[in-house]
Amino acid sequence: SSKSIEAFRLDEGSSALYRFVWDELCDWFLEACKPVFQHGSEDEKAETRQVLAHAIETVLRALHPYAPFITEELWQKVAPVAGRGKGDGSESLMLQPYPRADLARCDEKSEAWVTTLKSMVNACRSLLVAEGSSLRAEQITEASLGRYMALADQPEPDLLIRTGGDCRISNF
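Just so it is clear, the structure is predicted and the values come from calculations on it, not from any experiment.

A. Up close: the overall build of the protein. Counting its regular elements, the protein contains six helices and two strands. Counted from the first residue to the last, the protein has its helices and strands arranged as α-α-α-α-α-α-β-β. Per-residue burial over the protein gives 28% buried out of 172 residues. Relative to all contacts within the protein whose residues are 6 or more apart in sequence, the contacts with residues 24 or more apart total 42%.

B. Geometry of the side chain of Gln 96. Relative to the assigned elements, Gln 96 resides in the loop between α4 (68-82) and α5 (108-131). A distance of 3.4 Å separates a polar atom in the side chain of Gln 96 from the backbone oxygen of Ser 92. Contacts of Gln 96, omitting those with residues within four sequence positions, involve Arg 61, Trp 75 and Arg 84.

C. Up close: helix α3 (residues 42-63). Along its 22 residues, α3 runs 31 Å from first to last C-alpha, staying within 8% of the 32 Å computed at 1.5 Å per residue. Where α3 is concerned, the buried positions are Lys 45, Thr 48, Leu 52, Ala 53, Ala 55, Glu 57, Val 59, Leu 60, Arg 61 and Ala 62. Buried residues along α3 sit in contact with α2 (10-39) and α4.

D. Representation of the packing of α2 against α3 in the model. Remark: α2 packs on α3, axes separated minimally by 11 Å, with the N-to-C direction vectors making an angle of 170°. As summarised for this structure, α2 and α3 are arranged roughly antiparallel, according to the angle between their axes. Residues Leu 17, Phe 20, Val 21, Leu 25, Phe 29, Leu 30, Cys 33, Val 36 and Phe 37 of α2 pack against Glu 44, Lys 45, Thr 48, Arg 49, Val 51, Leu 52, Ala 55, Val 59, Ala 62 and Leu 63 of α3. Of the residues assigned to the contact of α2 with α3, the class counts are 15 nonpolar, one polar and three charged.

E. Fine view of the pattern of salt bridges. Tallied over the full model, the rule gives five salt bridges. Between Lys 118 and Glu 24 there is a salt bridge whose closest N-O contact spans 2.5 Å. Separated by 94 residues along the polypeptide, Lys 118 in helix α5 and Glu 24 in helix α2 bring together distant segments of the chain. For Lys 118, a relative accessible area of 17% translates into the label buried.

F. View of the nonpolar core. Residues Leu 60, Trp 75, Val 78, Ala 79 and Leu 93 constitute the largest nonpolar core, which totals five residues. By residue number, the principal contributor to this core is α4, which donates three residues. Once you skip the residues sitting within four places of it in the chain, Ala 79 turns out to touch Glu 57, Arg 84 and Gly 85.

G. Quick peek at the environment of Leu 74. Considering the arrangement of structural elements, one finds Leu 74 in helix α4. When the C-alpha positions of Leu 74 and Leu 60 are compared, they lie 7.7 Å apart, and in sequence the two are 14 residues distant.

H. Looking closely at the packing of α3 against α4. At a minimum axis separation of 9 Å, α3 and α4 run at an interaxial angle of 150°. Relative to α4, the element α3 lies roughly antiparallel. The two elements α3 and α4 meet at a crossing, and its hand is left-handed. Residues Gln 50, Ala 53, His 54, Ile 56, Glu 57, Leu 60, Arg 61 and Leu 63 of α3 form the contact with α4, whose own contacting residues are Thr 71, Leu 74, Trp 75, Val 78, Ala 79, Val 81 and Ala 82. Of the residues that constitute the contact of α3 with α4, the class distribution is ten nonpolar, three polar and two charged.

I. Fine view of the confidence of the model for the protein. Model confidence for the protein is summarised by a mean pLDDT of 77, while 73% of its residues fall at 70 or above. By mean pLDDT, strand β1 (residues 160-163) is the weakest element of the protein at 38, and α3 is the strongest at 94. Low pLDDT, under 50, characterises residues 155-172; the predicted model gives this stretch 35 contacts beyond four residues in sequence or across chains.

About the cut-offs
Residues numbered from 1 in each chain as written. Predicted model: local features only at pLDDT ≥ 70, side-chain atom pairs only at ≥ 80, totals over all residues. Heavy atoms only, no water. Helix = DSSP H or I, 4+ residues; strand = E, 2+ residues; numbered from the N terminus. Buried < 20%, exposed > 50% of the residue type's maximum accessible area, 1.4 Å probe, protein only. Contact = heavy atoms within 4.5 Å. Polar contact = N/O pair within 3.5 Å; in protein donor to acceptor, adjacent residues only side chain to side chain. Expected span 1.5 Å × (residues − 1). Axes fitted to C-alpha atoms, helices over the stretch in contact; angles between N-to-C directions. Parallel < 35°, antiparallel > 145°, perpendicular 65-115°, else oblique. Nonpolar A, V, L, I, M, F, W, Y, C, P; charged D, E, K, R; others polar. Salt bridge = Lys/Arg side-chain N within 4 Å of Asp/Glu carboxyl O. Core = buried A, V, L, I, M, F, W, Y, C linked by side-chain atoms within 4.5 Å. Left-handed = near helix turned anticlockwise from the far one by under 90°. pLDDT = per-residue confidence, 0-100.

Structure, rendered in structure tokens:
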């Protein structure tokens, strides 16, 4: 998004942020947080809350050039939780630095793991849609999932094991 702003391509920047917020933050990260908030220890919940607050605060800084008033209002509430602001209105999002990627913190192995996990979940979703509402998630077998993984040009799901109706990933 920062390159798009510098090139005055606000349409591309806003579109990239939109895709990130909906396709990554909401569709995957928030869904991954739910089990922690439902079944995690208090320490796990606190850590997840902190990471989520940091992610939302960073998104608000990225969105600020596109939607300044609402992001300012939301940032005033989120920034103190994320450890970036006092929350008393004495600071402004407008004066905060625009987020920059720290490529040294990228973990290619973790990104590959998440990409495979997403492919498997998407294959499960496609299988449920293709088989209709009569199929329940716990009825998905490795063979049927393998068929959809192959259609999606993904590796066989040999890392999928069945445990009482849950799909769990192992051997990564």
